[in-house]
Number of protein chains: 2
Amino acid sequence: MINFSLMKKLLFLLFLSPIAVWAQQDDAVMIKKISDEILRNGKAYDLLYELTKKVGGRLAGSPQMYKAEAWGEKALKEMGADRVYLQECQVPRWVRGAKEEAQVININGKAVSRKLDVLALGNSLGNGKPVTAKVIAFNSFEEMDKRKEEVKGKIVYFNHSFDPTNIKPFVSYGQTGVSRRAGPAAAAKYGAVGVMIRSLTESTANDPHTGSTSYNDSFPKIPAIAMGPRDADYIWELSKKSDVMVTMRTSAKFLPDTIGHNVIGELKGSKYPDEIITIGGHLDSWDVNEGAHDDGAGVVHTIEVMRALKAIGYRPQRTIRFVLFANEENGMRGGNKYAEVAKEKGEKHIFALESDAGGFTPRGFGFTASKDKHDKAQQWLPLLKPYGTEDMAGSGGGADIGPLNRLFGTPIAGFIPDPQRYFDLHHARTDVFENVNKRELLLGAVNMAALVYLVDKYGL
Amino acid sequence: MINFSLMKKLLFLLFLSPIAVWAQQDDAVMIKKISDEILRNGKAYDLLYELTKKVGGRLAGSPQMYKAEAWGEKALKEMGADRVYLQECQVPRWVRGAKEEAQVININGKAVSRKLDVLALGNSLGNGKPVTAKVIAFNSFEEMDKRKEEVKGKIVYFNHSFDPTNIKPFVSYGQTGVSRRAGPAAAAKYGAVGVMIRSLTESTANDPHTGSTSYNDSFPKIPAIAMGPRDADYIWELSKKSDVMVTMRTSAKFLPDTIGHNVIGELKGSKYPDEIITIGGHLDSWDVNEGAHDDGAGVVHTIEVMRALKAIGYRPQRTIRFVLFANEENGMRGGNKYAEVAKEKGEKHIFALESDAGGFTPRGFGFTASKDKHDKAQQWLPLLKPYGTEDMAGSGGGADIGPLNRLFGTPIAGFIPDPQRYFDLHHARTDVFENVNKRELLLGAVNMAALVYLVDKYGL
């Protein structure tokens, strides 16, 4: 047991008073001004409506991608960017083709007909004519390795499941996502003719969740689908005690790469115009939904931060770039291009912030930065706390800004909204406008704008 | 600018090491065990499905109230309470009657017919035949006081709106809620014949939100309705520049008081059986929805905490009561009765915890307690933090446990989930099961169970 009141006094001297010095009154006033502007006049929700309902799903290379680019360019101009430009980059053009299908056709030698709700994995290739084979089910790659002789000619089902006791769903996603990212390649190595995976979600609804996979060029590129969680339960239980035969058909293919664009708005720095702060989200989404949380939210957060800074008449000291990245989901081409061009031009990138974890209520920011820069950012916590940011201690960043960190060592941060609902709709048909809450969305922009303001004022 | 690394070292000595002592390893292990049990085997979501879909809306005194009581009794028994009993209390029986109606029938002398989406306020009385009158609109009671001579014979519209710049919606609710709670009484004093209010919400949907009002017995009990936000905007804008005539009809009335029950499950204390810890939510809800967040979530949180403690074989030192309160929404009779009986029996209530702010992702607890007890509870923060509790510094409690605090000085706490979505559906038709997320709901129970465990172990 400790003497709590003594501790509090000492803490006050050590901790609170330096904060009181650091969290200068003018910063608190400015952040309140930004927050009031966003919560009163914010356009993020209306913009998200346009992007989701008028553009819709916008996979890289698709006609909707061009529509989204034009929409983003217009929005950034209308919201007051000093200049708006498009940065060309090659993007893959994967098309899903005819609706994928899978069904159980035989159990222990008896003909049945039970359809499964499935989606082809992104970047997977269609098999043209149906593949029909026995199912062999595994909980892990290790299990498959042990029984590799049995795999040949079969359809492999990977049952990797989120650990429900894990409080952090993104950690669960990291752990189980290997089935989607590498499962088809791993199974093809042992002669599998198709792969089915449990969707990467804890949702109790049966919607399948797509997402990218990568083949290994040394082995056949076999068809691969994700299955809704209830169908996954069914297949897993069934395959433990019965011989199960499934037929699956997918029609996905790659068309030749095409031209896409990072859409960039800029507010020019008044004092250090060569020091660049980047804030962004990715404009592309999967084709089966509206990409509302992933990453419509990040896109409209980005535009809203710019709008609000302009609206209150803030003139940044450093140049702030508001970037709608071209291609995160199935290629990472947008973020890579942005960093490459930055390198060619010898630009000085002092900080980048990405929103790509949804438009939920804000909880914090994660950083990939040197210790001194991370420590500096963490001292701003008391200024952000009234707006929902509770934690800036962890790691984070974003797929599109990762290349800046790798190329230049630029400190990067990721906006962290509450993660508990994200994987219910991530890459599923349910990632639509109706599942985004206006207040939660706007509050994300408030916290992001406040962080950008502080980095602009104090550097990092 | 401060020397951050020195400060961190000092903080470590002062702050982290006492925490390390306090947050004993066995507590962390026990809380992880509780959390794993709830997240793996939790029944809260299934129970909520039953309560919302099989019982439904359950206003005090209604047939559904009895159904809910029987359901609660059965659930507490099945989940392993040492004993379950019903505590009788008189409850009001307010019935809405025929569907309420309101429409604009005349603008500047021209006949029109525009229906408004409205709900009668809880505890308001119907006018039988329609009331038709001119509308006079006010932003505040002060405005009405200044123009009180104009009120007679009119329908008063109160436009009290949430301040969108307020980060804390419950504060907005406190500020604007006066229009609902006291508007009809205040307007009747000046001779108004009816009252309409803007629903207490920031939602952009047009659903009206009901909730209780209180008349003043010295003045006529005039009909009172809440209007959907879009209709409220319409009336407000229209009434600023035009003469508007509205007709409204409500049919609500009180039937005689009837008998309801607090449904109580108990785990008997092994060491201090006379020291009672209460945890609860209220079983009643409004009649127009399923009472999913308000307060189905609190009810199933309560049952889940008991289930989990039993399931892991935890034997409490103190007696823990799991209370489903009979009547919060329009009478507070359940909580008052519980405290009265406690007083009659000379019970020793050392702590009470309520969940009545929804089943959203957990953010903390608020306390109404003496400083030393609040300080003691706050020291547990590091143990709860991994599960989402970030703040235990503020005030809080609950309507049903407030009487314990007032009668005995019992320290009380309220569970604080993220508040941003709550008033979108609070008292509206949209407060249904589908708007509750399973993970968020279970995590609330995890944090509540952990707090109850700590109070049971260390007292407060």
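Calculation rules
- Residues numbered from 1 in each chain as written.
- Chains lettered and ligands numbered in written order.
- Predicted model: local features only at pLDDT ≥ 70, side-chain atom pairs only at ≥ 80, totals over all residues.
- Heavy atoms only, no water.
- UniProt positions renumbered as here; feature names shortened; annotations may be inferred.
- Salt bridge = Lys/Arg side-chain N within 4 Å of Asp/Glu carboxyl O.
- Buried < 20%, exposed > 50% of the residue type's maximum accessible area, 1.4 Å probe, protein only.
- Helix = DSSP H or I, 4+ residues; strand = E, 2+ residues; numbered from the N terminus.
- Domains from an automatic or database assignment.
- Contact = heavy atoms within 4.5 Å.
- Buried area = accessible area lost by both parts, 1.4 Å probe.
- Polar contact = N/O pair within 3.5 Å; in protein donor to acceptor, adjacent residues only side chain to side chain.
- Pairing = 2+ DSSP bridges.
- Axes fitted to C-alpha atoms, helices over the stretch in contact; angles between N-to-C directions.
- Phe/Tyr/Trp six-rings, centres within 6.5 Å; stacked < 30°, edge-to-face > 60°.
- Lys NZ or Arg CZ within 6 Å of the ring centre and 35° of its normal.

Where an unreviewed UniProt entry is consulted, chain A appears under the name Carboxypeptidase Q, with the organism given as Sediminibacterium goheungense. Quoted verbatim from the Subunit (unreviewed entry) field of UniProt, the annotation for chain A is "Homodimer. The monomeric form is inactive while the homodimer is active."

Q: Got a sec to walk through the pattern of salt bridges? Specific residues and values, please.
A: Taken as a whole, this structure holds 64 salt bridges over all chains when the rule is applied. The partner of D217 of chain A in a salt bridge is K221 of chain A, with the nearest N and O atoms 2.8 Å apart. Residue D217 of chain A is classed as exposed on the basis of its relative accessible area of 68%. Two residues, K32 of chain B and D36 of chain B, come together in a salt bridge whose shortest N-O distance is 2.6 Å. Of this pair, K32 of chain B and D36 of chain B both sit in helix 2 (residues 25–41), four residues apart, which is roughly one turn of the helix. Residue classification places K32 of chain B among the partly exposed positions, given a relative accessible area of 36%.

Q: Run through the domain arrangement of chain A, naming residues and quoting values.
A: By convention, interface size is frequently given as the accessible area that disappears when the constituent parts associate. Residue and element names in this part refer to chain A. Under the domain assignment used here, chain A contains domain 1 (24–89 + 259–458) and domain 2 (100–253). Measuring from the centre of the C-alpha atoms in domain 1 to the corresponding centre in domain 2 gives 34 Å. Taken together, the 16 residues of domain 1 in the interface contact 21 residues of domain 2. Carbon and sulfur atoms make up 59% of the area that domain 1 and domain 2 hide from each other, which totals about 1400 Å². Area buried by domain 1 at its contact with domain 2 is led by F423, H427 and R429, which between them contribute 43% of it. Here domain 1 is connected to domain 2 by one salt bridge. As a salt-bridge pair, R429 and D117 come within 2.8 Å of each other at their nearest N and O atoms. At the surface where domain 1 touches domain 2, the tally comes to seven residue pairs in polar contact (both at pLDDT 80 or more).

Q: Run through the environment of T204 of chain A, naming residues and quoting values.
A: Along the chain, T204 of chain A falls in the loop between strand 7 (194–198) and strand 8 (224–227). Along the sequence, T204 of chain A and D424 of chain A sit 220 residues apart, while their C-alpha atoms lie 8.2 Å from each other. Leave out the neighbours within four places in its chain, and T204 of chain A touches R230 of chain A together with Y45 and K438 of chain B.

Q: Tell me about the sheet that holds strand 14 (residues 362–368) of chain A, and please be specific about residues and values.
A: Two modes of strand pairing occur in sheets, parallel and antiparallel, and in both the strands are linked by backbone hydrogen bonds. Residue and element names in this part refer to chain A. If you trace the seven strands from one edge of the open sheet to the other, you get 1-10-12-11-13-15-14, paired in mixed fashion. The sheet is open, and its two borders are formed by strand 1 (83–95) and strand 14, each paired with just one other strand. Along the sheet, successive strands turn relative to each other by an average axial angle of 20°, direction set aside. Each of strand 1, strand 10 (253–267) and strand 12 (318–325) is contacted by helix 4 (residues 63–78), which is oriented at about 5° to strand 10, the strand it contacts most.

Q: Please give an account of the packing of aromatic side chains that cites residues and values.
A: Tallying each qualifying case throughout the model produces 30 aromatic pairs over all chains. Note on Y314 of chain B and Y453 of chain B: the rings are 5.5 Å apart at their centroids and 70° apart in plane angle, and the pair reads as edge-to-face. Of this pair, Y314 of chain B sits in the loop between helix 9 (292–311) and strand 12 (318–325) while Y453 of chain B sits in helix 15 (residues 438–458), and the two are 139 residues apart along the sequence. Three or more aromatic residues link up through ring pairs in this structure, and these residues are F162, F170, Y173, F360, Y422 and F423 of chain A. The residue whose ring lies beneath R114 of chain A is Y234 of chain A, and the NZ or CZ to ring-centre distance is 3.6 Å.

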